[in-house]
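# Survey of secondary and tertiary structure
Next come the chains, spelled out residue by residue.
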Amino acid sequence: MRGDTKPQVCVIGLGYIGLPTAAIIARANCPVTGIDVSDHVVETINRGEIHIEEVDLDGLVRGVVQRGLLKASTQIAPADVFVIAVPTPFEHDGKHTPDVSYVMSAATEVAGVLKKGDCIILESTSPVGTTEQMRDLIAGLRPDLKMPGQTGEIPDVSIAYCPERVLPGKILEELTHNDRSIGGITPRCARKALAFYKRFVRGTCVTTDAKSAEMTKLVENAYRDVNIAFANELSIIADHMKLDVWEVIKLANRHPRVNILQPGPGVGGHCIAVDPYFIIHGAPEQSPLIRTGREVNDAKMHHVVARAEQLIAENPGVPVACLGLAFKANIDDFRESPARYVASRLARKFGSRVSIVEPYAGELPAEFKDTGAQLVDLDHSLENCGILIVLVDHDVFKVVPSEERSSALVYDTRGIWPDASMETAEKAGLRLAS
């Protein structure tokens, strides 16, 4: 990557982060090969189409594919820069042990085509130490190449960590304009990665060491998780005390140094609901607050299920509509979604009485199979369902006028209908904000 020569880039993982990242890099006139294990994903992208929902991504991908700057493949390709953006879930073993097997599998593939002068950048949210673990794996596979940080010699390749910090629905904008923390195995590695990111990032790029960058990403999401936990716990307390939590929060936030977040049915997504466990796993005795925040947010899902079950049971035979499955508004991402969990639990218990409204889904997820629940549109639910359970604050739900829902019993976990009838809530034995 000398002078104005555009580096050949290989992005591994073409999901919610990898594909927008690949498209942004290609827009900067760097030729990109995107790698994914799914034939469907590869074929879709090579047609200039997308397999995920994200604002303006379809036009960008179509343009860079037509210009020959982005192509997709299931096979690793040689490159100058490798960007790894694969999932890092946790094990469902009771301990929430981080699973970095996808990262290590990607690193193994990269090792097979690595050459002197290349740069490897891990973007996947990872436990502290993962970048060095990846370096050690590659070192074992490629003893012919000198790895950074292992000897006093100048390394043959550069390895760095640079997490994204984006909001679904604004990914393209935030990939371009948000600041980035770039952590190198060595300062030399950080500078090499910095030069690459400056090609397409307009935000400030700050260099640091790899472990600090890894921890920074985890801390950002743990901070948000703990603050959401305060709001969710407050909503449960308000429910117990027969108070409207939305009113309490609105008034409390008039204090110049108070900014309470909005409660919901829990916390979802592949970041906030997952990343705090990486800190807890790395320092279990030193993270009681972060652990408690996770427990509070998980418990909120069970609280919502219990309150919804009570409402439905007290009104036998009344059709029920669960509004939303996504983990946040106006996206098609259902990963770790509390709305999805709540709706599926209700469907398993009440069967065909339950309808699901999710404008970003073409079909119901697998866990709804054989429950009798059906995916319906919003108009159908408003016309036929006497119980409305709001689980996601999609814009299309927010604009439903009061007269279209005045006869329904409403359980609003998102506070999108502040004008909902108190009489309706009292009939159900529920406050609006529980």
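Quick note: structure is the one above.
A few points on the structure. (Residues numbered from 1 in each chain as written. Predicted model: local features only at pLDDT ≥ 70, side-chain atom pairs only at ≥ 80, totals over all residues. Heavy atoms only, no water.)

This paragraph deals with the sheet that holds strand S1 (residues 9–12). Strand order in the open sheet made by the eight strands is S3-S2-S1-S4-S5-S6-S7-S8, with mixed pairing throughout. With one partner strand each, in any of the chains shown, strand S3 (70–73) and strand S8 (205–209) form the two edges of the open sheet. Averaged over all neighbouring strand pairs, the angle between strand axes comes to 25°, with direction disregarded. In the sheet, S1 pairs with strand S2 (residues 32–35) via four bridges, with the strands oriented parallel. Bridge pairing links Ile12 to Ile35 in S2. (Pairing = 2+ DSSP bridges. Helix = DSSP H or I, 4+ residues; strand = E, 2+ residues; numbered from the N terminus. Axes fitted to C-alpha atoms, helices over the stretch in contact; angles between N-to-C directions.)

On to the environment of Ile24. Within the secondary structure, Ile24 sits in helix H1 (residues 18–27). Judged by relative accessible area, Ile24 falls into the buried class, the value being 3%. Taking the C-alpha atoms as reference, Ile24 lies 8.8 Å from Val61; in sequence the two are 37 residues apart. Setting aside residues no more than four positions away along its own chain, Ile24 makes contact with Leu60, Leu172, Leu175, Thr176 and Phe200. (Buried < 20%, exposed > 50% of the residue type's maximum accessible area, 1.4 Å probe, protein only. Contact = heavy atoms within 4.5 Å.)

With that settled, consider helix H5 (residues 130–141). The terminal C-alpha atoms of H5, which comprises twelve residues, lie 17 Å apart, in line with the 16 Å expected from a rise of 1.5 Å per residue. Residues Thr130, Thr131, Met134, Arg135, Ile138 and Ala139 constitute the buried set of H5. Packing partners of the buried residues in H5 comprise strand S4 (81–84), helix H4 (101–111), strand S5 (119–122), strand S6 (158–161) and helix H8 (210–240). (Expected span 1.5 Å × (residues − 1).)

Moving on: the pairing of strand S12 (residues 387–390). Going residue by residue along S12, you find Ile387 and Ile389 tucked away on one face and Leu388 and Val390 tucked away on the opposite face as well. The pairing of strand S9 (residues 320–323) with S12 spans four bridges and is classified as parallel. Residue pairing for S12: Leu323 is matched across the bridge by Val390. Pairing between S12 and strand S13 (residues 409–412): four bridges, direction parallel. Residue Ile389 lies in a different strand from S13, and its bridge partner there is Tyr411.

This next bit is on the pairing of S3. Only one face of S3 is buried, namely the one carrying Leu70 and Ala72, since none of Lys71 and Ser73 on the opposite face is buried. Direction of pairing for S2 relative to S3: parallel, over a ladder of four bridges. In the strand pairing of S3, Thr33 is matched with Lys71.

To continue, consider the sheet that holds S12. Taking strand neighbours across the sheet as the criterion, the five strands line up as S11-S10-S9-S12-S13 in an open arrangement whose pairing is parallel. Both outer strands of the open sheet, strand S11 (374–375) and S13, are each paired with one neighbouring strand and no more. Where helix H11 (residues 288–313) meets the sheet, its contacts fall on S9, S12 and S13, and the angle it forms with S13 comes to roughly 180°.

Note that all results are geometric; they support no functional claim without further evidence.
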